[in-house]
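Secondary and tertiary structure notes
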Amino acid sequence: MGRCACAWQMVVVGALAVLVAAATTARAAPQVPCYFIFGDSLVDNGNNNFIVSMARANYPPYGIDFAGGPTGRFSNGLTTVDAIAKLLGFDDFVPPFSGASSQQLLRGANFASAAAGIREETGQQLGGRISFSGQVQNYQSAVQEVISILGDEGSAATHLSRCIFTVGMGSNDYLNNYFMPAFYSTGSQYTPEQYAESLADDYSRLLQVMYRYGARKVALIGVGQVGCSPNELAQRSANGVTCVEQINAAVRMFNRRLVGLVDRFNKLPGAHFTYINIYGIFDDILRSPGAHGLKVTNAGCCGVGRNNGQVTCLPFQMPCANRHEYLFWDAFHPTEAANVLVAQRTYSAKLASDVHPVDLRTLARL
């Protein structure tokens, strides 16, 4: 095995060792009592398995490197929030809300749903999904369960105020709405600035509901460079390498508004909101992939067509063998290797620009 491969193995072993060490040292006491997750296919861990939808990943080769095999995770292994949970000291992964028991809800739940967006219609061409508002409604139901278990609203509020919440919404509002004119009219109804403003307004309204239901330590996960995904490179990039600036520019407009939301919510009593700059983290990785142990950044490890970007992994398709060297697992979703890198910088910022104002390690202490 060559030097580059060996060096990358050391990076992977080191990264996973950090996760294992974090989980081991904090096994008796996670840094927070619970972790609640909202999002889309980047973090869905099984909620879509029981929905009539084309956006499902409960079949091989998804989960090929995950101990439980295919679970509904859109990755070969860990998602970003799986890695974050380990870094926060949780022994087990946060369960999907669809399968969580009442007692498990005390430790948190994953409400994410593939193809979901901030807008209700987002992703509808793929079938069923739980929009952000639906996820918030499920969270409200979970809070009622927590109140029943703990005995009163005051105890539940105290418990929830110590929990971490991560919310990663917006990617589908661009890829499966605004930039899909064959199915949606938003691209002709709104300028990119107007659309970003509309999304942020809807986002803010639902975050206010979460706040009223006890969410206090909330990380807003920004939208990444979706114009660099294999799917968009396959469709819109002349050379299959250059990222689609039209999409990335629109995403940056939305992300700037998330920073403003964080500043606004932090004026509320007891609120500790933060912004995770996924766009910037991915930009850093794309600028120097070799330094992060990656070799292939413009194609999926499995998929079909140009850049393996036409569709997601086909059932029982044989993926690439060197998954640890790929940024993308399929047409849209990162590999476990990339997810671990992003989780580490979300938990403990490498650059000041990674977060605003604090990383999750600091948020957990507040």
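Residues numbered from 1 in each chain as written. Predicted model: local features only at pLDDT ≥ 70, side-chain atom pairs only at ≥ 80, totals over all residues. Heavy atoms only, no water.

This brings us to the confidence of the model for the protein chain. Interpreting fine coordinate detail is not advised for predicted regions of low pLDDT. Per-residue pLDDT for the protein chain has a mean of 93; in total, 92% of the residues score no lower than 70. The low-confidence segment residues 1-14, where pLDDT is below 50, has 12 contacts with residues more than four positions distant or belonging to other chains. Contacts from residues 22-26, a stretch scored under 50 in pLDDT, to residues over four places away or in other chains number eight contacts. (pLDDT = per-residue confidence, 0-100. Contact = heavy atoms within 4.5 Å.)

Bringing the pairing of strand 3 (residues 164-167) into the picture now. Where burial is concerned, the two faces of strand 3 agree: the one with Ile-164 and Thr-166 and the one with Phe-165 and Val-167 are both buried. As judged from the four bridges shared by strand 1 (residues 35-38) and strand 3, these two strands associate in the parallel manner. Bridging from a neighbouring strand, Phe-38 pairs with Val-167 of strand 3. Bridge count for strand 3 against strand 4 (residues 217-221) is four bridges, and the pairing is parallel. Residue pairing across strands places Thr-166 opposite Ala-219, the latter belonging to strand 4. (Buried < 20%, exposed > 50% of the residue type's maximum accessible area, 1.4 Å probe, protein only. Helix = DSSP H or I, 4+ residues; strand = E, 2+ residues; numbered from the N terminus. Pairing = 2+ DSSP bridges.)

Remark: helix 7 (residues 192-212) packs on helix 9 (residues 245-265), axes separated minimally by 9 Å, with the N-to-C direction vectors making an angle of 35°. When you trace helix 7 past helix 9, the crossing you get is right-handed. Residues Pro-192, Glu-193, Ala-196, Glu-197, Leu-199, Ala-200, Tyr-203, Ser-204, Leu-207 and Gln-208 of helix 7 form the contact with helix 9, whose participating residues are Ala-250, Met-253, Phe-254, Arg-256, Arg-257, Leu-258, Leu-261, Arg-264 and Phe-265. Across the contact of helix 7 with helix 9, the residue classes tally to 12 nonpolar, two polar and five charged. (Axes fitted to C-alpha atoms, helices over the stretch in contact; angles between N-to-C directions. Left-handed = near helix turned anticlockwise from the far one by under 90°. Nonpolar A, V, L, I, M, F, W, Y, C, P; charged D, E, K, R; others polar.)

Here we take up the packing of aromatic side chains. Counted under the stated rule, the structure contains 23 aromatic pairs. Note on Phe-36 and Phe-111: the rings are 6.2 Å apart at their centroids and 15° apart in plane angle, and the pair reads as stacked. Linking Phe-36 in strand 1 with Phe-111 in the loop between strand 2 (108-110) and helix 3 (132-150), this pair joins segments that are 75 residues apart in sequence. A relative accessible area of 1% places Phe-111 in the buried class. The positively charged end of Lys-86 is found above the aromatic ring belonging to Phe-93, 5.1 Å away from the centroid. (Phe/Tyr/Trp six-rings, centres within 6.5 Å; stacked < 30°, edge-to-face > 60°. Lys NZ or Arg CZ within 6 Å of the ring centre and 35° of its normal.)

Turning next to the state of the cysteines. Tallying each qualifying case throughout the model produces four disulfides. Residue pairing for Cys-34: its cysteine sulfur links by disulfide to Cys-163, the two sulfurs lying 1.7 Å apart. Residue Cys-34 is located in the loop between helix 1 (3-25) and strand 1, and its partner Cys-163 is located in the loop between helix 4 (153-161) and strand 3; the two are separated by 129 residues in the primary sequence. Across this residue pair, the class does not change: Cys-34 and Cys-163 are buried. (Disulfide = S-S within 2.5 Å.)

Next up on the list: helix 4. Of all the positions in helix 4, only Ala-156, His-159 and Leu-160 are classed as buried. Projected down its long axis, helix 4 carries its buried residues within an arc of 95°, all on one side. Looking at the buried positions of helix 4, the neighbouring elements they touch are strand 1, helix 3 and strand 3. (Arc of directions from axis to C-beta.)

Let us look at the sheet that holds strand 5 (residues 272-276). On the basis of which strands lie adjacent, the open sheet formed by six strands has the order 2-1-3-4-5-8 and mixed pairing. Here the strands that pair on one side only, and so sit at the sheet edges, are strand 2 and strand 8 (355-356). Where strand 5 and strand 8 come together, two bridges link them in antiparallel fashion. Paired with Tyr-275 across the two strands is His-356, which belongs to strand 8.

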